[in-house]
Amino acid sequence: LAHVPTVYLFRLIGQSEWSEHFPDCGGTSQSPVDVITTQTKYEPSLIPVTPLGYSQHGNQPFTLSNNGHTVIVELPEWMGFRGLPWFFTAAQLHLHWGNGGPGNGGSEHTINGRSADAELHVVHYNSELYTNMSAAMTQKDGLAVFGILIETGDETNPAFNNILNHMSRVRYADQKAFIPAFDVQSLFPEDLGRYYRYNGSLTTPPCYQSVIWTVFHERVQISKAQVSQLMS
Ligand SMILES: *[C@@H]1O[C@H](CO)[C@@H](O)[C@H](O)[C@H]1NC(C)=O
Ligand SMILES: *[C@@H]1O[C@H](CO)[C@@H](O)[C@H](O)[C@H]1NC(C)=O
């Protein structure tokens, strides 16, 4: 997960050393996880997430940036969702991908040991308990992140072109570009009622154990050409 002030630090040290520098990275709730479906339990009290405002993109451009690790789209604060005991306000979304090409992994979460080609994270903070993202991210129940697994399919997914077509403008760390606002919900899978929920953490240092994860069962597909665009 990006959007943490120390994101550059972890690039200098190996993952096994993270916990020496960031005590939380040795915590018991470290993300990502391999979801072993036979070890999940149906929980009737969990309800589908209800997205609010993601389709109302308005006319102001979005900001796309490269933090040296991933590409980030900042999200307007009227976007958020219900489905947890608190309202969560959207902050940003970002992508994770590998370099091996289609079929060679790239997602952070895996299901039964199987990775997807890429993964979209939509990051929210608990705006009922905290005033902003930085205040929330160190606190229990502070953040809620959607994990959306992306795999290679036959067809172009036009929703993802809203990001992919502008990636060349932020090829280098610290670059920023304005991109036309778009319907963010069109990036999501259709079925928001089937997901894996667990209490976890930021996937990169400082690894705060503050994230309520929702990893959707349904994957979204982008074309092989789009996967290549992501990796180029
Ligand atoms: C976030 O909220 C905290 C606590 O209310 C405040 O001290 C801090 O300045 C805020 N940070 C930003 C970036 O707005
Ligand atoms: C997460 O932790 C809270 C307690 O803080 C607990 O009520 C909840 O059931 C946990 N969620 C999952 C999916 O384990």
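We now turn to the structure provided with this report. (Residues numbered from 1 in each chain as written. Chains lettered and ligands numbered in written order. Predicted model: local features only at pLDDT ≥ 70, side-chain atom pairs only at ≥ 80, totals over all residues. Heavy atoms only, no water.)

If you tally the helices and strands in the protein chain, you get 4 helices and 14 strands. Evaluated residue by residue, the protein chain yields a buried proportion of 51% over its 232 residues. Sequence separation of at least 24 residues holds for 71% of the intrachain contacts in the protein chain that already meet a minimum separation of 6. Here the protein chain has roughly 11,000 Å² of accessible surface; of this, 49% comes from carbon and sulfur atoms. (Helix = DSSP H or I, 4+ residues; strand = E, 2+ residues; numbered from the N terminus. Buried < 20%, exposed > 50% of the residue type's maximum accessible area, 1.4 Å probe, protein only. Contact = heavy atoms within 4.5 Å. Areas by Shrake-Rupley, 256 points an atom, 1.4 Å probe, with all protein chains shown as cover.)

This brings us to the site of ligand 2. Near ligand 2 you find Lys140, Arg197, Tyr198 and Asn199, and these make up its full shell. In the environment of ligand 2, an oxygen atom lies 2.9 Å from a nitrogen or oxygen atom belonging to the side chain of Lys140. In this structure, an oxygen atom belonging to ligand 2 sits 2.3 Å away from a side-chain N or O atom of Asn199. For ligand 2, whose accessible area on its own is 350 Å², the fraction buried by protein is 39%. When its residues are assigned to classes, the shell around ligand 2 shows 1 nonpolar, 1 polar and 2 charged. (Near = heavy atom within 4 Å. Polar contact = N/O pair within 3.5 Å; in protein donor to acceptor, adjacent residues only side chain to side chain. Nonpolar A, V, L, I, M, F, W, Y, C, P; charged D, E, K, R; others polar.)

If you trace the 3 strands from one edge of the open sheet to the other, you get E1-E7-E8, paired in mixed fashion. The strands lining the two open edges of the sheet, one partner per strand, are strand E1 (34–35) and strand E8 (114–115). Bridge count between strand E7 (residues 110–111) and E8: 2 bridges; the pairing is antiparallel. Counted as the bridge partner of Thr110 is Ser115 from E8. (Pairing = 2+ DSSP bridges.)

Right, let's get into the site of ligand 1. Inspection of the region around ligand 1 gives Thr131, Asn132 and Ser134 as its neighbouring residues. Asn132 places a side-chain nitrogen or oxygen 2.4 Å from an oxygen atom of ligand 1. Bound to the protein, ligand 1 loses 28% of the 360 Å² it would expose on its own.

Checked against the element boundaries, Asn126 lands in strand E9 (residues 118–126). For the pair Asn126 and Phe87, spaced 39 residues apart in sequence, the C-alpha separation works out to 6.2 Å. Those residues in contact with Asn126 that lie beyond four places of it in its chain are Trp86, Phe87, Phe88, Ala136, Asp141 and Gly142. Looking at Asn126, its side chain comes within polar contact range of the main-chain nitrogen of Leu129, at 3.0 Å.

With the rule as written, the count across this model stands at 9 aromatic pairs. Judged by centre distance (5.3 Å) and plane angle (70°), the rings of Phe146 and Phe216 are edge-to-face. Taken as a pair, Phe146 in strand E10 (residues 143–153) and Phe216 in strand E13 (residues 211–216) lie far apart in primary sequence, 70 residues in all. Judged by relative accessible area, which is 0%, Phe216 ranks as buried. An aromatic cluster of three or more residues is present, and its members are Tyr54, Phe81, Trp86, Phe88, Phe146, Phe188, Tyr195 and Phe216. (Phe/Tyr/Trp six-rings, centres within 6.5 Å; stacked < 30°, edge-to-face > 60°.)

The subject of this paragraph is the environment of Met137. Positionally, Met137 belongs in the loop between helix H2 (133–136) and E10. When the C-alpha atoms of Met137 and Pro206 are compared, they prove to be 10.0 Å apart, with 69 residues separating the residues in sequence.

Moving on, we come to the pairing of strand E4 (residues 71–74). Where strand E3 (residues 62–66) and E4 come together, 3 bridges link them in antiparallel fashion. Looking at E4, one finds that Ser65 is bridged to Ile72. Between E3 and E4, which pair antiparallel in sequence order, lie 4 residues; one of them, Gly68, sits at a positive phi of approximately 95°. Here E4 pairs with strand E6 (residues 88–97) via 3 bridges, running antiparallel. Counted as the bridge partner of Val73 is Leu93 from E6.

Moving on, we come to the nonpolar core. A general trend in soluble globular proteins is that nonpolar side chains are found buried together. With 43 residues, the main nonpolar core has Val184 and Leu187 as its most contacted residues. In this structure Val184 touches Tyr54, Phe62, Leu75, Met79 and Leu93, once residues within four positions along its chain are discounted. In this structure, Ala91, Met137, Leu149 and Trp213 belong to the second largest nonpolar core, which totals 19 residues. (Core = buried A, V, L, I, M, F, W, Y, C linked by side-chain atoms within 4.5 Å.)

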